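# Observations on the three-dimensional arrangement
Now for the letters of each chain:
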Amino acid sequence: MNLAGKVALVTGGSRGIGKAIVLALAGDGAKVVINYQQNEAAAEQALAEVKGLGAEGMLYRADITVLQECEGMIKAAIDHFGRIDILVNNAGVRRDNLLALLKEEDWDVVVDTNMKGVFNCCKAVLRPLLKQKSGGRIINIASVAGLTGNSGQANYAAAKAGVIAFSKSLAKEIGKRGITVNALAPGFIETDMTDDLPESLKAEAKNRIALGTFGTPDDVAEAVLFLAAGANYITGTVISIDGGLSL
Ligand code: NAP
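Only a predicted model underlies this, so the values are computations on that prediction, with no experimental measurement involved.

### Regarding the overall build of the protein chain
Along its length, the protein chain carries nine helices and seven strands. Expressed along its principal axes, the backbone C-alpha trace of the protein chain runs to roughly 50 × 35 × 35 Å. The 247 residues of the protein chain split such that 50% are buried. A total accessible area of about 11,600 Å² is found for the protein chain, and carbon and sulfur atoms account for 51% of it. In the protein chain, which carries 25 positive and 27 negative side-chain charges, the distance between the mean positions of the two groups comes to 9 Å.

### Re the environment of Leu 3
Looking at where Leu 3 falls in the secondary structure, it is placed in the segment before strand E1 (7–10). Along the chain, Leu 3 and Ala 223 lie 220 residues apart, while their C-alpha atoms are 15 Å from each other.

### What about the pattern of salt bridges?
For the structure shown, the criterion picks out nine salt bridges. A salt bridge links Arg 94 to Asp 96, with the nearest nitrogen and oxygen atoms 2.7 Å apart. Via salt bridges that share partners, Arg 94, Asp 96 and Asp 196 belong to a single interconnected network.

### So, the packing of aromatic side chains
All chains considered together, the criterion is met by one aromatic pair. Measuring from centroid to centroid gives 5.0 Å for Phe 188 and Phe 214, while their planes differ by 15°, and the two rings are stacked. With Phe 188 in the loop between strand E6 (179–186) and helix H7 (192–195) and Phe 214 in the loop between helix H8 (199–208) and helix H9 (217–229), this pair connects stretches of sequence that are 26 residues apart. Each member of the pair, Phe 188 as well as Phe 214, is classed as buried. Stacked on the ring of Phe 214, the Lys or Arg Lys 206 has its end atom at 4.9 Å from the ring centre.

### Considering the state of the cysteines
Enumeration over the complete set of coordinates arrives at zero disulfides. Distance from the sulfur of Cys 122, which forms no disulfide, to the nearest cysteine sulfur (Cys 121) is 7.1 Å.

Cut-off values and rules
- Residues numbered from 1 in each chain as written.
- Predicted model: local features only at pLDDT ≥ 70, side-chain atom pairs only at ≥ 80, totals over all residues.
- Heavy atoms only, no water.
- Helix = DSSP H or I, 4+ residues; strand = E, 2+ residues; numbered from the N terminus.
- Buried < 20%, exposed > 50% of the residue type's maximum accessible area, 1.4 Å probe, protein only.
- Areas by Shrake-Rupley, 256 points an atom, 1.4 Å probe, with all protein chains shown as cover.
- Lys, Arg positive; Asp, Glu negative; His and termini not counted.
- Charge placed at Lys NZ, Arg CZ, Asp CG, Glu CD.
- Salt bridge = Lys/Arg side-chain N within 4 Å of Asp/Glu carboxyl O.
- Phe/Tyr/Trp six-rings, centres within 6.5 Å; stacked < 30°, edge-to-face > 60°.
- Lys NZ or Arg CZ within 6 Å of the ring centre and 35° of its normal.
- Disulfide = S-S within 2.5 Å.

Purely geometric stuff here, so don't read any function into it on its own.
What follows is the structure in structure tokens.
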């Protein structure tokens, strides 16, 4: 129980990778704030599973593209649990298309959610985290696409590359305050986000993955737990969790 007494907020913690992260942190003793945007039933289910582990949790509906909503969420977390130690920026969306066909609104929603959302939550948590003077952890879920680029994902890859550069910059800014900032770059992970990909694309992707299979949300959660519960001398880095896809 390395995280006993710590409070963690996970954006998009109601489903997929975020839910696995919530359960891993709660399983290690953290109190968890589960952010979601729309799917209340999934969020209630995640909270029930947290309670099933004997851990404490709360739900908070907020659209991470809106700074004021992120500020309200951090305030609610601190009002409820008295502090905040770990922020996992996980919420994300994809709207894939070749650039010639990509609509402006699909660029905007992906960049606003996947990149500006990270800015909004970090901006909102920064002052309380610094004021606590007890260090902290910021973990940003980027993507292999942010490292290598991907045809049909110019919007998504650009946003995720932005998250990686943002993480490195913030790591330099606040490292001396004992707060680490790292990014994770998952490859293909089995969630709702990848469920609707054409079978032909999935088969072609598996051919390019050294380990030959898609990863699971738990594979990503394991790396988050590693960074959240220890990893004292690791900051500004990007850990690939892609089964060797980016090799
Ligand atoms: P997912 O299953 O589609 O879940 C997305 C989560 O984000 C949901 O909890 C959703 O909440 C929340 N969300 C979306 N927009 C939001 C907003 N504006 N404000 C607050 N919450 C919002 O996605 P996933 O596959 O677990 O992906 C999680 C993260 O990993 C994303 O950043 C994604 O880009 C990244 N990633 C995924 C893969 C993959 O293969 N799956 C690979 C690389 C990186 P609601 O349900 O309430 O809307």
